[in-house]
Amino acid sequence: MTGQKTSAWSQRFEKALHPAIERFNASIGFDIELIEYDITGSVAHAKMLAKTGIISAEEGERLAAGLEQVRQEYREGKFTPGTDAEDVHFAVERRLTEIVGDAGKKLHTARSRNDQVGADTRLYLRDQIKQIREQLREFQQVLLNLAETHVETLIPGYTHLQRAQPVSLAHHLLAYFEMAQRDWERLGDVFKRVDISPLGCGALAGTTFPIDRHYTAELLGFAGVYANSLDGVSDRDFAIEFLGAASIIMAHLSRLSEEVILWASQEFGFVTLTDSCATGSSIMPQKKNPDVPELVRGKAGRVFGHLQALLVLVKGLPLAYNKDLQEDKEALFDTVKTVRACLEAMTILLREGIEFRTERLAEAVAEDFSNATDVADYLAAKGVPFREAYNLVGKVVKTCLAAGKLLKDLSLEEWKALHPAFEGDIYEAIAPRRVVAARNSYGGTGFERVRAAIESARSRISL
Ligand code: ARG
């Protein structure tokens, strides 16, 4: 767009900006992302100005219609503001004035870009939060579907990345369901702080005009208005909270990614990557690489960085608005894009990108000492104090290791020689399926518990 060469903001300036400074100052290159929210916010502001008699009803209508035309032109690619517009707010106002004439110059009455940009960002974030929450639901659905088919599939459970106790694969997957559930709830909570209107706070101190802040808030669907104008124009807590919630989502996705990467390795061999989500190597023809989870793991760092950037951005800022705050946007936009892309990719990966190698998993849980706790529990259930039983089993494991045997390979005589309380049912007690099935405590991996957990999970997400 071509505009007059004098500065956009005031006649106080005699000379035009240095072109490099103009580019340096401009945010239009990225805040164009807010254009539709800016227009929506301005339509509400214009309506409020007309309702309160600050401008005439006719002017209010012309402004609203003109703004909708700007929206249409933008959507059709006919309006593409350049850096001379400085930012999206100036760009829209300028184009509006070209369309509706002098009435356009009244739009900015009783408003500042400071409260305007705050409103735009909040409108944008409200939309994005809703969409991310929907994506989380989809991700949870896929986890549940996968869990449902794997209730009785066993997988080694780890602590310290050492085999600890076998668990139901569904139980393992449901752990991620719970994380996603907290993410969904956390975003709902953040939404409450995003959903407050700063419009009408003006530059910092409010305005001399008889505005109706509650009316603009109502038109834009905000749940409330900022109580303090200085706070309203300078608060970015809502953005930081969002970045915090987004960072936690990324941490969860990254943990899952790390597991998939391990599982797909030859060393674990628990999953096969299907062709639709894995990539090859340009030099080693035998390779199938887990690029999707690797990228998600990598992108987590980027989002954590944005959170850090915003915290540092606000920590030394005196009240109220400072131009530093313009720097919040790229961090926010990139976070939104990154989280959304990662959620989408991980949902697809779980839906069609990995296949669990159930035979390999069955072998894995049968060939280790992850049933040792169950031997101790067996003795404890027969009255042997647990610590004593624990020490005894430690010795048994040591003997087995020296003999190259597993617990299941010991003969009944050998068991009895270790402790007279052992009976023939010890074999049943240490069989992996039984080991898992027996952990029926609330929140545990027992099959019945897991089935109930899936059911309760389904009803929680359908609320
Ligand atoms: N582009 C600016 C931003 O994103 C809009 C607000 C400018 N306000 C000002 N007083 N210069 O923060």
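Residues numbered from 1 in each chain as written. Predicted model: local features only at pLDDT ≥ 70, side-chain atom pairs only at ≥ 80, totals over all residues. Heavy atoms only, no water.

Draft legend 1. How the structure looks around the pattern of salt bridges. In total, this model carries 37 salt bridges according to the counting rule given. The salt bridge partner of K337 is E33, with a shortest N-O separation of 3.3 Å. Of this pair, K337 sits in helix α12 (residues 328-353) while E33 sits in the loop between α2 (28-31) and α3 (35-51), and the two are 304 residues apart along the sequence. Take E33: its relative accessible area is 32%, and that puts it in the partly exposed class. A salt bridge links K323 to E86, with the shortest nitrogen-to-oxygen separation between them at 3.3 Å. Remark: E86 occurs in the loop between α4 (57-75) and α5 (88-100) and K323 occurs in the loop between α11 (291-315) and α12; sequence separation between them is 237 residues. (Salt bridge = Lys/Arg side-chain N within 4 Å of Asp/Glu carboxyl O. Helix = DSSP H or I, 4+ residues; strand = E, 2+ residues; numbered from the N terminus. Buried < 20%, exposed > 50% of the residue type's maximum accessible area, 1.4 Å probe, protein only.)

Draft legend 2. Seen up close, α3. For α3, with 17 residues, the first-to-last C-alpha span of 24 Å sits near the 24 Å given by 1.5 Å per residue. Most of α3 is tucked away: 12 of the 17 residues are buried. Looking only at α3, the buried set comprises I35, Y37, D38, I39, G41, S42, V43, A44, H45, A46, M48 and L49. Contacts from the buried residues of α3 go to α2, α4, α5, α6 (113-149) and α8 (213-219). G53 sits one or two residues past α3 and shows a positive phi near 80 degrees. (Expected span 1.5 Å × (residues − 1). Contact = heavy atoms within 4.5 Å.)

Draft legend 3. Structural context of the site of the ligand. Taken together, S27, D31, D87, H89, R113, N114, V117, Y321, Q326 and K329 make up the full set of residues near the ligand. Separating a nitrogen atom of the ligand from a side-chain N or O atom of R113 is a distance of 3.2 Å. About the coverage of the ligand: the protein hides 86% of its 340 Å² of free accessible area. If you tally residues by element for the shell around the ligand, the top one is α6, at 3 residues. Residues of the shell around the ligand, tallied by class, amount to 2 nonpolar, 4 polar and 4 charged. (Near = heavy atom within 4 Å. Polar contact = N/O pair within 3.5 Å; in protein donor to acceptor, adjacent residues only side chain to side chain. Areas by Shrake-Rupley, 256 points an atom, 1.4 Å probe, with all protein chains shown as cover. Nonpolar A, V, L, I, M, F, W, Y, C, P; charged D, E, K, R; others polar.)

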